[in-house]
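Observations on chain architecture
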Amino acid sequence: MSEPAAPAKRKAHARMDLTKGPIARTLLLFSLPVLGSSALQSINGSINAIWVGRLLGEEALAATTNANLILFFLLGAVFGVGMAGTILVGHAVGAKDLPRAKIVVGTTATFFLGISLAMAVGGYAASEQVLALMGTPESARPLAEAYLRVIFLSMPFLYFFTFLVMVQRGAGDAHTPFRFMALSAFLDVCFNPMLITGFGPFPRMGIAGAAASTLLSQAIGMAAMLAYLYWRKADLRLKRDELHYLKPDRGVLRTIVFKGLPMGAQMLVISLSGIIMMAMINAYGAETTAAYGVAMQIWTYVQMPAMAIGAAVSSMSAQNVGAKKWDRLERSAYIGASINVLMTGALVLLVRFVDPFIVDLFLPGRPQAVASALHINNLAGWSFVFFGVTFTLFGVVRSTGAVTPPLVILFISLFGMRVGFAKLLEPAWGQDAIWWAFPVSMGFSALLALGYYRLGGWRKARMGAPAREVEDAPVTGAGVPAIDAEVANEEAPELDQEPAQAT
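Heads up: these notes are all about the structure in this document.

1. Re the overall build of the protein chain
What the protein chain contains, in helices and strands, is 17 helices and zero strands. Relative to its 503 residues, the protein chain shows a buried fraction of 57%.

2. Quick look at the nonpolar core
Within soluble globular proteins, side chains that are nonpolar generally end up buried alongside one another. Among the nonpolar cores identified, the biggest contains 70 residues, and M155, F163 and L236 are the most heavily contacted of them. Listed by contribution, the elements that provide at least two residues to this core are α2 (58-94), α3 (98-133), α4 (141-153), α5 (155-170), α6 (175-197), α7 (207-231) and α8 (250-282). If you tally residues by element for this core, the top one is α2, at 17 residues. Among the nonpolar cores identified, the runner-up in size contains 36 residues, and V302, L379, A437 and F438 belong to it.

3. Brief notes about the packing of helix α1 (residues 23-56) against helix α11 (residues 326-362)
It is the contact of α1 with α11, at a shortest axis distance of 12 Å, that shows an interaxial angle of 25°. In terms of orientation, α1 and α11 fall into the roughly parallel class. Here α1 and α11 pass one another in a crossing that is right-handed. From α1, I23, A24, T26, L27, L28, L35, S46, A49, I50 and R54 reach across to α11, where they touch R328, R331, S332, I335, G336, I339, M343, L361 and F362. Across the contact of α1 with α11, the residue classes break down as 12 nonpolar, four polar and three charged.

4. What about the packing of aromatic side chains?
This structure, assessed with the given rule, holds 17 aromatic pairs. Their ring planes at 70° and their centres at 5.8 Å tell us that W382 and F386 sit as a pair that is edge-to-face. Ring geometry for F421 and W429: centres 5.9 Å apart, planes at 75°, overall edge-to-face.

5. Observations regarding the pattern of salt bridges
Should their charged atoms come close, side chains of opposite charge can pair. What the rule picks out here adds up to three salt bridges. The partner of D327 in a salt bridge is R331, and the shortest N-O contact between them spans 3.5 Å. On the criterion of helical spacing, the pair formed by D327 and R331 is a turn pair, its members being four residues apart in helix α11. The closest approach of N and O atoms between E330 and R459, which form a salt bridge, is 2.8 Å.

6. So, α8
Look at α8: 45 Å from first C-alpha to last across 33 residues, which is about the 48 Å you get at 1.5 Å a residue. Residue G260 marks the point of greatest curvature in α8, where the axis turns by about 40°; the proline P262 follows within four residues. One side-chain oxygen of the residue at the start of α8 lies 3.1 Å from the amide nitrogen of G251, identifying that residue as D249.

7. Regarding a nonpolar patch on the surface
On the surface, W51, L55 and L56 cluster together into a nonpolar patch covering about 230 Å² of accessible area. Under the relative-accessibility criterion, W51 is labelled partly exposed at 32%.

8. Quick word on empty space enclosed by the protein
Scanning the entire structure with this criterion turns up three cavities of 30 Å³ or more. The volume enclosed by the second largest cavity comes to roughly 90 Å³. If you go around the second largest cavity, the residues you meet are I298, W299, V302, V348, V351, R352, D355, N377, N378, G381 and W382. Put simply, the parts of the chain that give the lining of the second largest cavity at least two residues each are α9 (286-302), α11 and α12 (367-380). Sorting elements by how many residues they give to the lining of the second largest cavity places α11 first, with four residues. Split into classes, the residues belonging to the lining of the second largest cavity amount to six nonpolar, three polar and two charged.

About the thresholds
Residues numbered from 1 in each chain as written. Predicted model: local features only at pLDDT ≥ 70, side-chain atom pairs only at ≥ 80, totals over all residues. Heavy atoms only, no water. Helix = DSSP H or I, 4+ residues; strand = E, 2+ residues; numbered from the N terminus. Buried < 20%, exposed > 50% of the residue type's maximum accessible area, 1.4 Å probe, protein only. Core = buried A, V, L, I, M, F, W, Y, C linked by side-chain atoms within 4.5 Å. Axes fitted to C-alpha atoms, helices over the stretch in contact; angles between N-to-C directions. Parallel < 35°, antiparallel > 145°, perpendicular 65-115°, else oblique. Left-handed = near helix turned anticlockwise from the far one by under 90°. Contact = heavy atoms within 4.5 Å. Nonpolar A, V, L, I, M, F, W, Y, C, P; charged D, E, K, R; others polar. Phe/Tyr/Trp six-rings, centres within 6.5 Å; stacked < 30°, edge-to-face > 60°. Salt bridge = Lys/Arg side-chain N within 4 Å of Asp/Glu carboxyl O. Expected span 1.5 Å × (residues − 1). Bend = angle between axes of the 7 residues up to and from the residue. Polar contact = N/O pair within 3.5 Å; in protein donor to acceptor, adjacent residues only side chain to side chain. Patch = residues over 30% accessible without salt bridge, like charges linked within 9 Å, V, L, I, M, F, W, Y side chains within 5 Å. Areas by Shrake-Rupley, 256 points an atom, 1.4 Å probe, with all protein chains shown as cover. 1 Å grid on protein atoms, 1.4 Å probe; cavity = no way out; pocket = protein on both sides within 12 Å on 5 of 7 lines; lining within 4 Å. Points joined across faces, edges and corners; volume = space filled by probe spheres on them.

Encoded structure:
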């Protein structure tokens, strides 16, 4: 009688080792799921904006534009900590030090949970005051407040979901985050009109329903991704006997705070400058604010290649720092910046042709607002080519621990150039001074970033204590993009014998 069949094992995706292989091909393959995630998020935001604009009107669209700037500000507040944790995970993965990676994951997870709960409580109470400080138009302020209060309640889910995604990518897995961000985006698109209008069993919530849709979709996406990682026995998951890693490690906490604060401050600088610019735009009325909100929706698509390639370069840089492959690190910077220029430039040209049709989807029957949105895009949209170069170079220099110079560059570019340029020339140029301030500041930022990359001392910076090199340590992370799975399995057939998953 034959032996009973062994239970089938859950087969993992092989991780993508960012320290090996052709740089351009590796960057593109790793960036595809990141680009897909960005595209889904952008489509999700655009569809939701269309629902709000069509179902609730121009004032509601202006309200969500103001509130979403505050949301970006809040996400930026913890971006630095998440990025610092991601870099440390990448260093540990590159050095094949799984225990250190788990220490980083546990410490960062506890920090994220605590700060997100504090942000939710404090933000909910201060929503009205924050919108007043921004100069939100009176006609849009009650709607913005209703929307923002629910957004604050969603912060713990947003923060922890973001943490999971960043850690996975740092470990070399962009495929798993793509799956669950796709799930979240799909749910948000479905829930949004139902909660706004009260379709079926859902209550009629108006603009608060758009925010409640975000809360539900993020909570479900986060929980599903966490459950999946444990089901697949992911390498970086904390097992029962490893829960002590959730107690913050002093050395790691010190590193993610002191290195994360300047990186988080970069996002805060971007957010604060955006809020200042929004206050200037709000002064021209709800129609101009709505037009700018539509332009911002289109810009999310234009900057998608820059964000995807930049994230891939950042993960690759962190792993190569851990593996001490400095020549590969520097080549990835130039290749990543070149790919960014080509892809973003092509997308800018495409938007030129489809812009009128897209804008009309958001603002039907409002020709003045449509014309204003088209004008904004014509003056400022092309400048995201510069943004791609800056984002890529910042990702490389940050991977070594050089976090302060990028902050200084952004501060000078956004407050000195963008806000300064707009305020100086607005009396003479009117609104156009605001729109021209975007390409002026982005071009200046790219020049400074390139100058620091070529001449600065970022190569000598360090990101806390170096990770230990552990021979024959288990491979960390699971997940290559599906497009690369066949090649990875050919190169590492042992992964079929002993699955190794991410986080």
